[in-house]
Amino acid sequence: MFKNTKAFSSFSVDDLQKAKAFYTEVLGLETVDNPMGILEIRIAGSNNLMIYPKPNHEPATFTVLNFPVPNVDEAVDALIAKGIVFEQYDGYMKTDAKGIVRGGGDKGPNIAWFKDPAGNIISVIGQE
């Protein structure tokens, strides 16, 4: 039934205009105001994402969106320059001072997490 369908993801925010500004101005993504009162995020080579307003929004406790990047350090530096603060973890996965979990070998890729204005968790994952 779903083998040939093009699925898409969606998640909620508490303020659609703040989300639009963040995803457009900070992350540089193309956004479209959908007539249904939701925000579409256009991502090259992928299906659109849908972001919808929810008055009783609670941020996800997991990563809702992952961006593969050629180099995590460069992506983190560029986002820090735009005011993004990266999450710090000191448990199963430990981040360094920049907020990057250093992979390598069988440990997986380099990855860093940050939050959108609604508190949803987003990552940049290195393809290095």
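Overview of the structure. (Residues numbered from 1 in each chain as written. Predicted model: local features only at pLDDT ≥ 70, side-chain atom pairs only at ≥ 80, totals over all residues. Heavy atoms only, no water.)

Moving on, we come to the sheet that holds strand 5 (residues 63-69). If you walk across this open sheet you meet the four strands as 5-8-7-6, and the pairing is mixed. Each edge of the open sheet carries a strand with a single partner, namely strand 5 and strand 6 (100-101). Sheet topology places strand 7 (residues 111-115) next to strand 8 (residues 121-126); five bridges connect them, and they run antiparallel. Counterpart to W113 in the pairing with strand 8 is S123. Docked against the sheet, helix 2 (residues 72-81) engages strand 5, strand 6, strand 7 and strand 8, running at close to 140 degrees with respect to strand 8. (Pairing = 2+ DSSP bridges. Helix = DSSP H or I, 4+ residues; strand = E, 2+ residues; numbered from the N terminus. Contact = heavy atoms within 4.5 Å. Axes fitted to C-alpha atoms, helices over the stretch in contact; angles between N-to-C directions.)

Right, let's get into the nonpolar core. Counting 30 residues, the largest nonpolar core has F22, Y23, L27, I51, F86, F114 and V124 as the members making the most contacts within it. When contributions to this core are tallied by element, the ones reaching two or more residues are strand 1 (10-13), helix 1 (16-26), strand 3 (39-42), strand 4 (49-53), strand 5, helix 2, strand 7 and strand 8. Among the elements that take part in this core, helix 1 stands out by supplying five residues, more than any other. Residues in contact with F86, not counting those within four places in the same chain, are V76, L79, I80, K98, G99, A112, W113, F114 and V124. (Core = buried A, V, L, I, M, F, W, Y, C linked by side-chain atoms within 4.5 Å. Buried < 20%, exposed > 50% of the residue type's maximum accessible area, 1.4 Å probe, protein only.)

Pairing is possible between side chains that carry opposite charge, provided their charged atoms lie close to one another. Applying the stated rule across the entire model yields eight salt bridges. A salt bridge links R102 to D73; the shortest N-O distance between them is 2.7 Å. Residue R102 is located in the loop between strand 6 and strand 7, and its partner D73 is located in helix 2; the two are separated by 29 residues in the primary sequence. Shared partners join several salt bridges into a network, and the residues in it are D73, D77, D96, K98 and R102. (Salt bridge = Lys/Arg side-chain N within 4 Å of Asp/Glu carboxyl O.)

Our next topic: the environment of V69. Along the polypeptide, V69 turns up in strand 5. Its relative accessible area of 14% is what places V69 among the buried residues. Discounting chain neighbours no more than four positions away, the residues touching V69 are A75, V124, I125, G126 and Q127.

Structurally, the position occupied by E87 is in the loop between helix 2 and strand 6. Overall, E87 belongs to the buried group, its relative accessible area being 19%.

With that settled, the discussion passes to the packing of aromatic side chains. Within a pair of aromatic rings, the relevant descriptors are the distance that separates the centres and the angle that separates the planes. Tallied over the entire structure, the rule returns five aromatic pairs. Taking 5.4 Å as the distance between ring centres and 80 degrees as the angle between the ring planes, the aromatic pair formed by Y89 and W113 counts as edge-to-face. Taken together, the residues Y89 in the loop between helix 2 and strand 6 and W113 in strand 7 connect sequence positions 24 residues apart. W113 gets classed as buried once you look at its relative accessible area, which sits at 7%. Among the aromatic side chains, those forming a connected cluster through ring pairs are F11, F22, Y23, F86 and F114. (Phe/Tyr/Trp six-rings, centres within 6.5 Å; stacked < 30°, edge-to-face > 60°.)

Remember that the coordinates give geometry; whether it matters functionally is a separate question.
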